[in-house]
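What follows is each chain in one-letter form.
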Amino acid sequence: MSITPRYTTSATATGGRDGKAETDDGSFSVTLAVPKELGGNGAGNNPEQLFASGYAACFLGAMKAGARLNKDLPRVPDDATVQATVGIGPRSDKGFGLTVALLVTLPGVDRAAAEALVAEADTICPYSHAVRGNIEVTLTVA
């Protein structure tokens, strides 16, 4: 598989989970903090929140792309949402691992059509490609 990027971006982190991250163009900057549940003070954002935000936005975009590419799929309503819930915890072998649950809400779209659209988006979304076989992902249509 070959990929020719149409867009690239760069971000630099300092201080690890208790630090800062900023895109090299300065358009995005975030203070990072370990969540209270993992022993930190929670006074900032964490990589799991950033991953959840990115995956949710990307998956919604993939649904729109899927509907454009496949005219048999329904149009994505303007009030559609994707909620990504990301969990982190120790792996049984070593280190930590992630879990992801995507909850898709497509108001006014019947269940079968919504499920077909979600399945199509899962074949398009670069986040889905990146995690497939590495992270447990659950897809649910509300």
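From a predicted model like this one, the values you see are computed outputs, not experimental measurements.

Digging into the environment of Ala142
Position of Ala142 relative to the elements: it lies in the segment after strand E6 (136-141). Residue Ala142 is classed as exposed on the basis of its relative accessible area, which comes to 60%. Note: C-alpha distance between Ala142 and Val104 (38 residues apart in sequence) is 5.9 Å. Setting aside its immediate chain neighbours within four residues, Ala142 contacts Leu103, Val104, Thr105 and Arg111.

Concerning the environment of Ala57
Within the fold, Ala57 resides in helix H1 (residues 47-69). Residue classification places Ala57 among the exposed positions, given a relative accessible area of 52%. A C-alpha to C-alpha distance of 8.8 Å links Ala57 and Thr81, two positions 24 residues apart in sequence.

Points about H1
Spanning 23 residues, H1 covers 32 Å between terminal C-alpha atoms, matching the ideal 33 Å at 1.5 Å per step. Every buried residue of H1 is listed here: Glu48, Ala52, Gly54, Tyr55, Ala56, Phe59, Leu60, Ala62, Met63, Ala65, Gly66 and Ala67. The inward-facing, buried residues of H1 contact strand E4 (81-90), strand E5 (96-105), helix H2 (111-124), helix H3 (126-131) and E6.

Quick look at the pattern of salt bridges
Two side chains of opposite charge can pair, provided their charged atoms sit close to one another. Tallied over the entire structure, the rule returns 5 salt bridges. Here Arg91 makes a salt bridge to Asp93, at a shortest N to O gap of 2.6 Å.

A word on the packing of aromatic side chains
Counting across every chain of the model gives 4 aromatic pairs. One aromatic cluster in this structure is built from Phe51, Tyr55, Phe59 and Tyr127.

Regarding the side chain of Asp122
Structurally, Asp122 is set in helix H2. What makes Asp122 buried here is its relative accessible area of 17%. Once residues lying within four places of it in the same chain are set aside, the contact partners of Asp122 are Phe59, Ser128, Arg132 and Leu139.

Let's talk about the domain arrangement of the protein chain
Its domain assignment divides the protein chain into domain 1 (1-45) and domain 2 (47-141). The centre of domain 1, based on its C-alpha atoms, is set 21 Å off from the matching centre of domain 2. The partner domain 2 presents 5 residues to the 7 residues of domain 1 that form the contact. Summed over the three residues of domain 1 that lose the most area to domain 2, namely Arg17, Leu38 and Asn45, the buried surface amounts to 70% of that side.

Cut-off values and rules
- Residues numbered from 1 in each chain as written.
- Predicted model: local features only at pLDDT ≥ 70, side-chain atom pairs only at ≥ 80, totals over all residues.
- Heavy atoms only, no water.
- Helix = DSSP H or I, 4+ residues; strand = E, 2+ residues; numbered from the N terminus.
- Buried < 20%, exposed > 50% of the residue type's maximum accessible area, 1.4 Å probe, protein only.
- Contact = heavy atoms within 4.5 Å.
- Expected span 1.5 Å × (residues − 1).
- Salt bridge = Lys/Arg side-chain N within 4 Å of Asp/Glu carboxyl O.
- Phe/Tyr/Trp six-rings, centres within 6.5 Å; stacked < 30°, edge-to-face > 60°.
- Domains from an automatic or database assignment.
- Buried area = accessible area lost by both parts, 1.4 Å probe.

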